[in-house]
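What follows is each chain in one-letter form.
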Amino acid sequence: MDGAARTRAAGVGLVLLSSVCFGSSGPFGKALIEAGLGPLQAVWLRIAVAALVLVPVAAAVRGRAAPAGLRAHARPLIWYGLTGVAGCQACYFVAASRLPVGVAILLEFSGPVIVLAWLRLVRRVPVHRTAAAGVATAMAGLALVVQVWTGLSLDPVGLAAGLGAAACQASYFLIIDRLAGRVDPLVITTAGSVVGAAVLTVPAAPWALAWDVLPAQVPFAGHTAPGWALAAWIGIVSTVAAYLAGVAGLQRLPAQVGGAICYTEAVAAALIAWAVLGERLAPAQMAGGAIVLAGAYIAQRAAGRAAAGPGGGGAAPPGGQVSPARKRRAPKVTDTAGSTTVTSAPSAGAAAA
């Protein structure tokens, strides 16, 4: 296996890890919401915890290099926090509150379709047939996983919010694609968390948050757990680890490939809910999960062709070094996060692109 192949394999592995971390937020976030937090408050708490963890870590690990990266790429980083972190999460929860959750998830995960359209129509980048086939296959499988046909309704506000979540998810992919090889994933994730927490402060109204939930024992998976432990999980595992892995992974893959692989987040969320909460999976959902995984596999096969083909975007060079090709033109690589039942992606998913 040559260096480029190892880089692509690492990218796929990191994106899959990110999807599992994002998907795990559902049961933990749901428990906090049922204990008394509002959905936007749970999102704000999650992002605020991530910011509190990431800021000192970035300062200790990157030192003076972190502010330098912020100054040089302030505009796309602000857009990343506004859209890929705050916007994606907030729009998804508005959609989920007015539409069936499955429909909200399906709308949000149409983000990779927007990515393909943007690359083809705006950037004039050839869209690889294998990547497009992978996205289409994964979308079909996702419709089965979320059982989109159950309780279908078309609330105008919910529909607009769902499409907004898709646009924000696409922004997430495209901004990371733009910053690949230029800004460290730790700096990107830290900046996004700080901006996202600041933007959501007013709508989430943390001053009215039921803080007594955190020291209390919260019902969870047939047992109880401290509220602070659940908050720590969604902040550290489902946000810090998820975004770091996602950004690092998507910087090693073309955006059109990474978007399709991120569909595995919905499968991870369903499996984790089944394992932790005992939620039953219907045969159609299990079949849909297999189809999603097949779509992700089909799409990742395009990574090698994308690296070799013109305009398709190669993998980021190992070690985060900027290659001469990246210095001459905008990079063509990217992660989610998208979102799941009570979280994300967002998941993480660019107006600045």
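The rules we used
Residues numbered from 1 in each chain as written. Predicted model: local features only at pLDDT ≥ 70, side-chain atom pairs only at ≥ 80, totals over all residues. Heavy atoms only, no water. Helix = DSSP H or I, 4+ residues; strand = E, 2+ residues; numbered from the N terminus. Buried < 20%, exposed > 50% of the residue type's maximum accessible area, 1.4 Å probe, protein only. Areas by Shrake-Rupley, 256 points an atom, 1.4 Å probe, with all protein chains shown as cover. Axes fitted to C-alpha atoms, helices over the stretch in contact; angles between N-to-C directions. Parallel < 35°, antiparallel > 145°, perpendicular 65-115°, else oblique. Left-handed = near helix turned anticlockwise from the far one by under 90°. Contact = heavy atoms within 4.5 Å. Nonpolar A, V, L, I, M, F, W, Y, C, P; charged D, E, K, R; others polar. Patch = residues over 30% accessible without salt bridge, like charges linked within 9 Å, V, L, I, M, F, W, Y side chains within 5 Å. Salt bridge = Lys/Arg side-chain N within 4 Å of Asp/Glu carboxyl O. Phe/Tyr/Trp six-rings, centres within 6.5 Å; stacked < 30°, edge-to-face > 60°. Core = buried A, V, L, I, M, F, W, Y, C linked by side-chain atoms within 4.5 Å. Expected span 1.5 Å × (residues − 1).

A. Looking closely at the overall build of the protein chain. When helices and strands are tallied, the protein chain shows 16 helices and two strands. Each of the 353 residues in the protein chain was classed as buried or not, and the buried ones make up 56%. Element-wise, carbon and sulfur atoms account for 68% of the exposed surface of the protein chain, whose accessible area totals about 13800 Å².

B. Region of interest: the packing of helix H7 (residues 111–121) against helix H9 (residues 156–179). Direction vectors running N to C along H7 and H9 enclose 60°, while the axes themselves pass 8 Å from each other. By the angle between their directions, the pair H7 and H9 is classed as oblique. In the packing of H7 onto H9, the handedness of the crossing is right-handed. Contacts between H7 and H9 involve Gly111, Pro112, Ile114, Val115, Trp118 and Leu119 from the first element and Ala166, Ala167, Gln169, Ala170, Phe173 and Leu174 from the second. Class assignment of the residues belonging to the contact of H7 with H9 gives a composition of ten nonpolar, two polar and no charged.

C. Examining helix H2 (residues 25–34) more closely. Burial within H2 is extensive, with seven of its ten residues counted as buried. Buried within H2 we find Ser25, Gly26, Pro27, Phe28, Gly29, Ala31 and Leu32. Once H2 ends, the next one or two residues include Gly36, with phi positive near 135°.

D. Layout of unusual backbone geometry. The phi angle at Ala205 is positive, at roughly 50°, despite the residue not being glycine. Along the polypeptide, Ala205 turns up in the loop between helix H10 (185–204) and strand E1 (217–220).

E. Inspection of a nonpolar patch on the surface at higher detail. Together, Ile78, Trp79, Leu82 and Val199 make up an exposed nonpolar region whose accessible area comes to about 300 Å². It is helix H5 (residues 74–98) that contributes the most residues to the nonpolar patch, three residues altogether. Mapped onto the fold, Val199 is located in helix H10.

F. Seen up close, the side chain of Ser24. For Ser24, the position within the fold is in the loop between helix H1 (3–23) and H2. With near-sequence residues (within four places) excluded, Ser24 lies in contact with Trp233, Val237, Ser238 and Ile272.

G. Focus on the pattern of salt bridges. For the coordinates displayed, the defined rule picks out two salt bridges. Note that Arg62 and Asp184 form a salt bridge whose closest N and O atoms lie 3.1 Å from each other. Remark: Asp184 occurs in the loop between H9 and H10 and Arg62 occurs in helix H3 (residues 39–62); sequence separation between them is 122 residues. For Asp184, a relative accessible area of 25% corresponds to the partly exposed category. Between Asp177 and Arg123 there is a salt bridge, with the nearest N and O atoms lying 2.4 Å from each other. Placement of Asp177 in helix H9 and of Arg123 in the loop between H7 and helix H8 (129–145) is noted, with a sequence separation of 54 residues between them. An identical accessibility class is assigned to Asp177 and Arg123; each is buried.

H. Representation of the packing of aromatic side chains within the structure. For the structure shown, the criterion picks out seven aromatic pairs. Centroid distance Trp44 to Trp211: 6.4 Å. Interplanar angle 85°. Geometry classified as edge-to-face. Taken together, the positions of Trp44 in helix H3 and Trp211 in the loop between H10 and E1 put the pair 167 residues apart, joining distant regions of the chain. For Trp44, a relative accessible area of 14% corresponds to the buried category. Where Tyr172 meets Phe173, the ring centres are 5.5 Å apart and the plane angle is 65°; that geometry is what we call edge-to-face.

I. Representation of the nonpolar core. Core analysis: the biggest nonpolar cluster contains 76 residues, and Tyr80, Leu142 and Leu230 have the highest contact counts within it. Counting residues in each nonpolar core, the second largest holds five residues, with Leu54, Ala58, Leu186 and Val240 among its members.

J. How the structure looks around H9. Taking 1.5 Å per residue, 24 residues should reach 34 Å; H9 reaches 34 Å between its end C-alpha atoms and fits that length. A large share of H9 lies buried, amounting to 17 of its 24 residues. Backbone geometry just after H9 places Gly181 at a positive phi near 80°.

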